[in-house]
Amino acid sequence: MPNGPLLLEIALPVPLPRTFSYRFVPAEDQDPAAAPVVGDLVRVPFGRRRGVIGLVTRAQALPPGVATVDGAVLRDVQEVLGPEYRLDPGRLELARWMAGYYALPLGEVVPLFHPPAPGTRARKSRKPAPEAYPELDPRAITLTADQEGPVRRAGEMLREGVFGAILLHGVTGSGKTEVFLTVIAEALALGRGAIYLLPEISLTPQTLARIRSRFGDTVAAIHSGLSAGERCRVHEGAARGEIRVVVGPRSALFAPVRDLGAIIVDEEHDSSYKQDEKPRYHARHVALVRGRQAGAVVMLGSATPDIESVARAREGRFEMFDLPRRQGVALPEVRIVDMRGTGVREGFTDDLLEAMGRELDARRQVLLFYNRRGFARVMQCADCGDAVVCPNCDIGMTLHLRPRRLLCHYCGHAEPVSGACPSCGSTAFLPAGGGTEKVELNLQAHFPEARVMRLDHDTTRRRGSYHRILSAFARHEADILVGTQMVAKGHHFPQVGLVGVLAADDGLAMPDFRAAERTFQVLTQVAGRAGRTRPGTVIFQTWRPEDPVILAAADHDFGRFLEEELPVRRSLGYPPFRRLARIGLLGRRLGVTREAAAALADALRGELEGRRRTVLGPAPGVFERLQDRYRFQVLIKGDMTKKQKHWVAQCLRDLKVAYRGVEGFIDIDPMAVF
Ligand SMILES: [Zn+2]
Ligand SMILES: [Zn+2]
């Protein structure tokens with residue numbers, strides 16, 4: 001490239017599927033090699049803003065005298081960011097793939113690929129990260145025969161330098177982390193780097209400590225808890241090849257690790273891998289794409305793999321390995337306790353209270369899990385445990401008050417509230433509300449002597465409180481810990497002898513086709529907290545003791561759960577058999593938002609509906625109104641081409657013009673309810 005002015009095409013983070021033209025004028029003394037190239041990040045003025053970061057998608061010599069493009073005066077690039085921030089060809093291709101697959105403008109994907117304030121200097125004094133647990137003792141590692149299989153296969157892939165995906169299904173405590181660390185060590189030995197993804201890094205300090213103690217200074221964690229300067233230091237260190245292993249939540253996937261050899265997706269079923277705000281993407285899916293581009297091994301691991309991952313393995317696209325045995329202590333025995341007609345006292349059966357009393361007398365700890373959250377408006381019978389389910393979609397219907405009716409929020413099907421259970425005729429429905437706070441209060445009544453701690457959204461708002469509670473409980477400063485699914489994550493509490501689940505069926509009636517899968521996952525994970533060092537007990541209290549999901553979770557039988565669940569998914573056309581896309585609409589005014597949703601659904605039906613695709617809705621969101629916005633959604637069941645997705649995205653931009661104040665988004669492969 002000659003050392004003259006350049007005409008650059010730049011993708012900017014704005015909701016328009018186009019690039020913008022800018023001029024780059026080199027400084028008098030500039031090295032021609034420093035001229036911007038495709039993949040570079042630049043700062044440019046945009047409208048009245050300055051310093052907007054964009055991606056160079058095209059660079060060409062600007063003929064002398066040209067100062068306008070299409071009648072618009074070219075503005076000058078303010079700054080070209082250093083080569084540490086350049087998107088190398090692999091990551092550039094990944095960004096383009098994401099823009100195509102998720103129907104996003106390229107410029108809206110680019111912020112994932114750099115820290116929020118690139119170029120910020122880190123302050124010198126770096127406080128060591130707080131570790132909630134003592135250092136793990138270094139020990140000689142001998143892999144079990146189960147662990148050796150996936151390690152050997154990953155090693156073959158690494159040495160061949162080809163992409164491969166491995167799904168590691170290992171029961172809780174079976175030594176998955178050791179497999180991951182050994183594979184990373186092999187990648188490093190071959191001169192390649194690695195990325196280790198964890199669902200939420202603040203929830204997994206032990207894993208992070210283990211990775212650190214194994215690989216030392218070549219490892220860095222990247223997450224939102226770091227200062228801008230620290231994030232830049234990690235990013236630049238990775239780009240220069242000084243940092244070889246980057247650990248973090250989904251955002252770590254985009255780090256510029258050089259010669260990437262392995263990507264680990266730990267707890268691959270975890271829903272936090274899905275980003276539910278713009279740009280919407282699923283890190284597990286994107287990890288596979290990055291791995292393919294880099295010729296890397298991608299290892300997904302979980303005690304309860306996502307059904308979609310299992311389906312890919314059955315299709316032969318992933319290789320699957322099992323770690324069916326726990327190391328040391330056997331899996332805990334799970335007892336199912338029927339809550340129907342037993343005189344449950346403030347949420348506790350006599351069986352659970354007795355078991356708790358025994359543990360506390362023996363000076364052991366108790367972990368209680370209660371996950372009742374915002375879905376109390378699901379109608380669930382207190383006598384037979386059945387929920388009112390949509391006849392079209394097989395998901396729980398939600399109670400809406402104005403007008404009073406039951407509604408399926410997938411397809412919009414409505415039914416009157418009859419007041420009687422359609423299965424058994426009972427008029428008793430499960431009480432709404434409650435929550436962990438009430439459980440904590442009731443516990444004091446049952447066990448006035450016991451020291452109780454609570455772990456949920458409310459008690460962990462303050463920075464660091466999560467660690468404080470967990471480490472205090474690990475030090476046995478409390479006898480009982482009661483909490484939401486936060487307690488189900490991979491913690492290790494050696495003193496816990498009993499895990500109690502207060503309502504094991506709680507999630508089953510959620511208005512989501514993944515309700516059964518989510519319930520199975522959380523029950524399995526929470527049961528895995530018991531008896532890590534000595535045989536432990538788990539009690540599932542439930543209104544639905546015959547439910548196959550609960551029975552399979554109690555038996556730690558993932559295979560049986562799959563055989564129950566897969567036929568349901570197949571017959572209703574849900575993933576993994578057909579893809580889903582969700583279109584969400586939000587507006588301040590109910591009338592116009594509803595009208596826009598109806599018009600959109602009509603347009604989508606006209607264009608997309610066919611033998612292999614169905615358009616459902618519009619239906620109101622589960623929360624019809626949230627943050628002063630009315631919410632509607634339309635679901636598209638079935639595969640769409642890239643062209644069709646972008647056509648939908650264009651429909652949404654047109655809709656915004658036609659219906660003032662209505663905003664829409666497209667969510668490819670949605671994971672959560674709206
Ligand atoms: Zn009933
Ligand atoms: Zn429905």
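Cut-offs used in this document
- Every chain is numbered on its own, with residues counted from 1 as its sequence reads.
- For this description, chains carry letters from A and ligands carry numbers from 1, given in the order in which they are written.
- Local features in this predicted model are restricted to residues of pLDDT 70 or higher, and side-chain atom pairs are both shown and tallied only at a pLDDT of 80 or more, whereas totals for entire chains, interfaces and linings draw on every residue.
- To obtain the side-chain values, all non-hydrogen atoms of the structure were used and water was disregarded.
- Only DSSP runs of H or I reaching four residues or more are called helices, and only runs of E reaching two or more are called strands; each is numbered from the N terminus.
- Only protein chains enter the accessibility calculation, which uses a 1.4 Å probe; a residue is then buried when its area is under 20% of its type maximum, exposed when over 50%, and partly exposed in between.
- By definition in these notes, contact holds between two residues if any of their heavy atoms fall within 4.5 Å.
- Only rings of Phe, Tyr and Trp enter the pairing, Trp through its six-membered ring, and a pair is recorded when the two centres are within 6.5 Å. The plane angle decides the type: under 30 degrees is stacked, over 60 is edge-to-face, the rest tilted.
- One requirement defines pairing of two strands: DSSP has to find at least two bridges between them.
- To get an axis, fit a line to the C-alpha atoms, keeping to the stretch in contact for a helix; angles then go from 0 to 180 degrees between the N-to-C directions.
- Under the rule applied, a polar contact is a pair of N or O atoms within 3.5 Å (in protein, one hydrogen donor and one hydrogen acceptor; residues adjacent in sequence only if both atoms are side-chain atoms).
- For Na, K and Ca the donor cutoff is 3.2 Å, while for all other metals N, O and S atoms must lie within 2.8 Å; water is not among the atoms, so some sites may look incomplete.
- In this scheme the shape depends on donor count and angles: four donors with every angle between 85 and 135 degrees give tetrahedral, four or six donors with opposite pairs above 155 degrees and others between 65 and 115 give square planar or octahedral in turn, and any other case is irregular.
- Multiplying 1.5 Å by the residue count of a helix minus one yields the expected span of that helix.
- The domain boundaries here were taken from an automatic or database domain assignment.
- Buried area is a sum: the accessible area each of two parts loses on coming together, probed at 1.4 Å, counted once for each and added.
- The term salt bridge refers to a side-chain nitrogen of Lys or Arg lying within 4 Å of a carboxyl oxygen of Asp or Glu.
- Under the convention adopted here, Pro, Cys and the residues Ala, Val, Leu, Ile, Met, Phe, Trp and Tyr are nonpolar, Asp, Glu, Lys and Arg are charged, and Gly plus all remaining residues are polar.

Observations concerning the overall build of the protein
Here's step 1: Helices and strands together make up the secondary structure of the protein, namely 16 helices and 30 strands.
Here's step 2: Along the three orthogonal principal directions, the C-alpha set of the protein runs to about 90 × 65 × 45 Å.
Here's step 3: Put simply, the protein has 674 residues, and 56% of those count as buried.
Here's step 4: When contacts within the protein are restricted to residue pairs at least 6 apart in sequence, those whose partners lie at least 24 apart make up 75%.

Structural notes on the packing of aromatic side chains
Remark: the centre distance and the inter-plane angle together describe each pair of aromatic rings, the angle taken between the planes.
Here's step 1: Summed over the entire model, instances satisfying the criterion amount to 12 aromatic pairs.
Here's step 2: Measuring from ring centre to ring centre gives 5.0 Å for F20 and F46, while their planes differ by 75 degrees; the resulting arrangement is edge-to-face. Residue F20 is found in strand 2 (residues 20-24), and its partner F46 is found in strand 3 (residues 41-46); the two are separated by 26 residues along the sequence.
Here's step 3: Judged by centre distance (4.6 Å) and plane angle (10 degrees), the rings of F513 and Y574 are stacked.

Thoughts on the sheet that holds strand 10 (residues 193-197)
Here's step 1: Taken in spatial order, the 7 strands line up as 11-12-10-13-16-9-17 in an open sheet, and their pairing is parallel. Two strands bound the open sheet, and with one partner strand each, they are strand 11 (219-221) and strand 17 (319-323). Going across the sheet, the axis of each strand differs from the next one's by a mean of 15 degrees, ignoring polarity.
Here's step 2: Relative to strand 12 (residues 245-248), strand 11 is paired through 3 bridges, and the arrangement is parallel. Among the inter-strand pairings, A220 is bridged to a residue of strand 12, identified as V246.
Here's step 3: Packing of helix 7 (residues 283-294) onto the sheet brings it into contact with strand 9 (164-170), strand 10, strand 13 (260-266) and strand 16 (297-302), and relative to strand 13 it is tilted by some 165 degrees.

Description of the environment of R86
Here's step 1: Positionally, R86 belongs in the loop between strand 8 (79-80) and helix 1 (89-101).
Here's step 2: Each C-alpha atom, one on R86 and one on V42, is 9.4 Å from the other, the two residues being 44 residues apart in sequence.
Here's step 3: With sequence-adjacent residues up to four places away left out, R86 is seen in contact with V37, G39, D40 and R91.
Here's step 4: Reaching out from R86, the side chain makes a polar contact with the side chain of D40 at a distance of 2.9 Å.

Describing unusual backbone geometry
Here's step 1: The amide bond that connects K278 to the next residue, P279, takes the cis arrangement and shows omega of -10 degrees.
Here's step 2: Its location among the elements puts P279 in the loop between strand 14 (274-275) and strand 15 (281-282).
Here's step 3: The step from P575 to P576 runs through a cis peptide bond, and the omega angle for that step is 10 degrees.
Here's step 4: Following the sequence through the fold, P576 ends up in the loop between helix 14 (558-572) and strand 27 (580-587).
Here's step 5: Backbone geometry at D70 places phi at a positive 50 degrees, although glycine is not the residue there.
Here's step 6: Structurally, the position occupied by D70 is in the loop between strand 5 (68-69) and strand 6 (72-73).

A short note on the coordination of the zinc ion (ligand 2)
Here's step 1: Surrounding the zinc ion (ligand 2) are the protein donor atoms C390 (SG), C393 (SG), C408 (SG) and C411 (SG), at 2.3 to 2.4 Å.
Here's step 2: One can describe the donor arrangement at the zinc ion (ligand 2) as tetrahedral, given that its 4 donor atoms subtend angles of 105 to 114 degrees at the metal.
Here's step 3: Each donor residue of the zinc ion (ligand 2) belongs to the same chain, and together they define the spacing C-x2-C-x14-C-x2-C. Each of the two residues, C408 as well as C411, counts as buried.

Considering the environment of A504
Here's step 1: Tracing the sequence through the fold places A504 in the loop between strand 25 (496-501) and helix 12 (515-527).
Here's step 2: Of the residues examined, A504 reaches a relative accessible area of 3% and is grouped as buried.
Here's step 3: Sequence-wise, A504 and I539 are 35 residues apart; in three dimensions their C-alpha atoms are separated by 9.2 Å.
Here's step 4: Discounting chain neighbours no more than four positions away, the residues touching A504 are T519, L523, F540, Q541, T542 and I550.

Looking at the side chain of E440
Here's step 1: Within the secondary structure layout, E440 lies in helix 10 (residues 436-446).
Here's step 2: At 2.7 Å, the side chain of E440 forms a polar contact with the side chain of R454.
Here's step 3: Beyond its immediate sequence surroundings of up to four residues, E440 is in contact with V452, R454 and V482.

Re helix 6 (residues 228-239)
Here's step 1: In this model, helix 6 (12 residues) spans 17 Å end to end at C-alpha, consistent with the 16 Å of a helix rising 1.5 Å per residue.
Here's step 2: Among the residues of helix 6, G229, C232, V234, H235, E236, G237, A238 and A239 are the ones counted as buried.
Here's step 3: Residues of helix 6 that are buried in the fold lie against helix 1, strand 11 and strand 12.

Let's talk about the domain arrangement of the protein
Here's step 1: Looking at the protein, the domain boundaries give domain 1 (6-113), domain 2 (145-323), domain 3 (333-375 + 433-570) and domain 4 (580-668).
Here's step 2: Here domain 2 and domain 3 have C-alpha centroids that lie 29 Å from each other.
Here's step 3: Residue-level contacts link 22 residues of domain 2 with 24 residues of domain 3.
Here's step 4: Carbon and sulfur atoms make up 55% of the surface buried where domain 2 meets domain 3, a total of about 1900 Å² over both sides.
Here's step 5: One salt bridge in this structure joins R314 and E563, with 3.1 Å as the shortest N-O distance.
Here's step 6: When residues in the side of domain 2 that touches domain 3 are grouped by element, the largest group, 4 residues, is from helix 8 (residues 307-314).
Here's step 7: The residue makeup of the side of domain 2 that touches domain 3, split by class, is 6 nonpolar, 10 polar and 6 charged.

Looking at the pattern of salt bridges
Here's step 1: All told, the structure shown has 40 salt bridges when counted by the stated rule.
Here's step 2: For the salt bridge of R569 with E517, the shortest nitrogen-to-oxygen distance reads 2.8 Å. Of this pair, R569 sits in helix 14 while E517 sits in helix 12, and the two are 52 residues apart along the sequence. The same class applies to R569 as to E517, namely buried.
Here's step 3: A single salt-bridge network, built from bridges that share partners, covers E84, R121, E236, R240 and E242.

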